[in-house]
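# Fold and geometry: a report
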Amino acid sequence: MRVVDDSTRADIISTVEFNHTGELLATGDKGGRVVIFQREPESKGEPFSQGEYNVYSTFQSHEPEFDYLKSLEIEEKINKIRWLPQQNAAHFLLSTNDKTIKLWKVGERDKRPEGYNLKDEGGRIKDMSTVTSLQVPVLMPMDLMVEVSPRRVFANAHTYHVNSISVNSDYETYMSADDLRINLWHLDITDRSFNIVDIKPANMEDLTEVITAAEFHPHHCNLFVYSSSKGTLRLCDMREAALCDKHSKLFEEPEDPSARSFFSEIISSVSDVKFSHSGRYLLTRDYLTAKVWDLNMESKPLETYQVHDYLRSKLCSLYENDCIFDKFECAWNGSDSVIMTGAYNNFFRMFDRNTKRDVTLEASRESSKPRAVLKPRRVCAAGGKRRKDDISVDSLDFTKKILHTAWHPTENIIAIAATNNLYIFQDKLNSEMH
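Right, let's walk through the structure included here.

Rules used throughout
- Residues numbered from 1 in each chain as written.
- Predicted model: local features only at pLDDT ≥ 70, side-chain atom pairs only at ≥ 80, totals over all residues.
- Heavy atoms only, no water.
- Patch = residues over 30% accessible without salt bridge, like charges linked within 9 Å, V, L, I, M, F, W, Y side chains within 5 Å.
- Areas by Shrake-Rupley, 256 points an atom, 1.4 Å probe, with all protein chains shown as cover.
- Salt bridge = Lys/Arg side-chain N within 4 Å of Asp/Glu carboxyl O.
- Helix = DSSP H or I, 4+ residues; strand = E, 2+ residues; numbered from the N terminus.
- Buried < 20%, exposed > 50% of the residue type's maximum accessible area, 1.4 Å probe, protein only.
- Contact = heavy atoms within 4.5 Å.
- Pairing = 2+ DSSP bridges.
- Axes fitted to C-alpha atoms, helices over the stretch in contact; angles between N-to-C directions.
- Phe/Tyr/Trp six-rings, centres within 6.5 Å; stacked < 30°, edge-to-face > 60°.
- Lys NZ or Arg CZ within 6 Å of the ring centre and 35° of its normal.

## Some thoughts on a nonpolar patch on the surface
- Taken together, the side chains of L118, I125 and M128 define a hydrophobic patch exposed on the protein surface, amounting to about 310 Å² of accessible area.
- Mapped onto the fold, L118 is located in the loop between strand 9 (101-114) and strand 10 (138-154).
- Residue class for L118 comes out partly exposed when judged on its relative accessible area of 44%.

As structure tokens, this is what we get:
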């Protein structure tokens, strides 16, 4: 677990992502840094040591830039990290800030060549007159070194801020989405991309919605989904047309006119969308709810889960302090049976789709002690009956928010980013999160 005391802005974690095996976990922060954690192998003497994630490598991915044409500062903050499936000994990941996407290679070196004919040990070219014999260079063991090197830089393709990147299941292409456009890239080609969605109106005064998130289907390389600030999801098929402005399916829940308020449009904006591992379902998060959609049913969500319904009475003050615009992410567990998403006061929520049970847990220093069991928390609405250990909605800390979460692809291990701290919780013995 990574815990940092000094809550400087640069240390605030802005994305969390497990790789495809779950052995590596990457975080990006607002200072443009990427920290990779590696899972320790299990040792016989210490059965509890397995699952400990320790720092593997840290590198600066993005630097602050300045767009002189628009007089705009471009933040170094890492918006998203996506791992590529491992093809050889090295690992590859994509990281992006608002404008520029980079492909990084992460490799290990534990041997170094020695005994060159034309170079000395310092790497300097020898005087040719002193070379009198021929020798075969040999590989000598050295301390393990993790080398991170930039392999590609994909720049100058987005006018607006990049909010999503997603690697295709063909492992050759990926897409990047900003507020109004989605581009398709080939991983080997940096100087051009193909625009596959463009919702920019001819007159910007006619703009009514923006793209909030986008993701490829996990198995079908021709399908992808993108969400909008109007609460809709559009499933697109790249086989139908080169420009996917006409969607194949539109997932939209009809609004209840009796529940309409000034905040309806803001809280219905989808902040995250994730395909289930099976590819059959979509998980979305808006301000107050998480929803599961069946790809075969467009008219309404299959399941709706209230994340923090007790905030409905607080929307006015949440609007005034800008919290209503917070973008919470969501995650599936490995078997698609449980979903997880964040909330305020360093709380995060889990919903079991089979039993319909839900739990509120807290990421805190007390709960992060080794082998500590996470205790369920409960928030009571203003004026409601309080039980022991209940927390009142009026005493919630809205500066402590869990926006970014990730679930190990196969095991019950979760990573929770709470401002500038990373918490990793894992299940040791039973189905409850430890």
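There is more to say after this.
## Considering the environment of Y310
- When you line up the elements, Y310 lands in the loop between strand 22 (303-306) and helix 2 (315-320).
- The spatial distance from the C-alpha of Y310 to the C-alpha of E240 is 44 Å, given a sequence separation of 70 residues.
- Excluding anything up to four places from it in sequence, Y310 contacts V379, A381, V393 and L396.

## Some words on the pattern of salt bridges
- Under the defined criterion, the tally for this structure stands at 23 salt bridges.
- Salt-bridge contacts for D11 lead to R33; the nearest nitrogen and oxygen are separated by 2.7 Å. Within this pair, whereas D11 is found in the segment before strand 1 (13-18), its partner R33 is found in strand 3 (residues 33-39), the two being separated by 22 residues in sequence.
- Given a relative accessible area of 15%, D11 falls into the buried group.
- R33 sits in the partly exposed class, given a relative accessible area of 24%.
- We note a salt bridge from R234 to E209, for which the minimum N-O separation is 3.2 Å. Taken together, the positions of R234 in strand 17 (residues 233-237) and E209 in the loop between strand 14 (194-198) and strand 15 (211-216) put the pair 25 residues apart, joining distant regions of the chain. Across the pair, E209 and R234 agree in class, each one buried.
- Here the salt bridges share partners, and the residues they tie into one network are D11, D29 and R33.

## Examining the pairing of strand 16 (residues 223-228)
- Of all six residues making up strand 16, six are buried, and the element is well covered by its neighbours.
- Every second residue of strand 16 is oriented toward a common face, with L223, V225 and S227 on one face and F224, Y226 and S228 on the other, all of them buried.
- Relative to strand 16, strand 15 runs antiparallel, the two sharing five bridges. Bridge pairing in strand 16 places A213 opposite S227.
- Hairpin connection between strand 15 and strand 16: a loop of six residues separates the two successive antiparallel strands.
- What sits between strand 16 and strand 17 in their antiparallel hairpin is a turn of four residues, with G231 showing a positive phi close to 85 degrees.

## A word on the sheet that holds strand 26 (residues 358-362)
- Taken in spatial order, the four strands make up an open sheet running 23-24-25-26, and their pairing is antiparallel. Every interior strand has two partners, whereas the edge strands, strand 23 (330-332) and strand 26, have only one. Here the average twist between neighbouring strands, direction ignored, is 20 degrees.
- Inspection of the sheet shows strand 24 (residues 338-342) paired to strand 25 (residues 347-352) by five bridges, in the antiparallel sense. Bridge assignment links G342 to a residue of strand 25, and that residue is F348.

## Some remarks on the packing of aromatic side chains
- Under the criterion given, the structure shown has 19 aromatic pairs.
- Among the aromatic residues, those joined into a ring-pair cluster are F262, F263, Y319 and F325.
- Across from the ring centre of Y281, 4.7 Å away, lies the NZ or CZ of R353, which sits over that ring.

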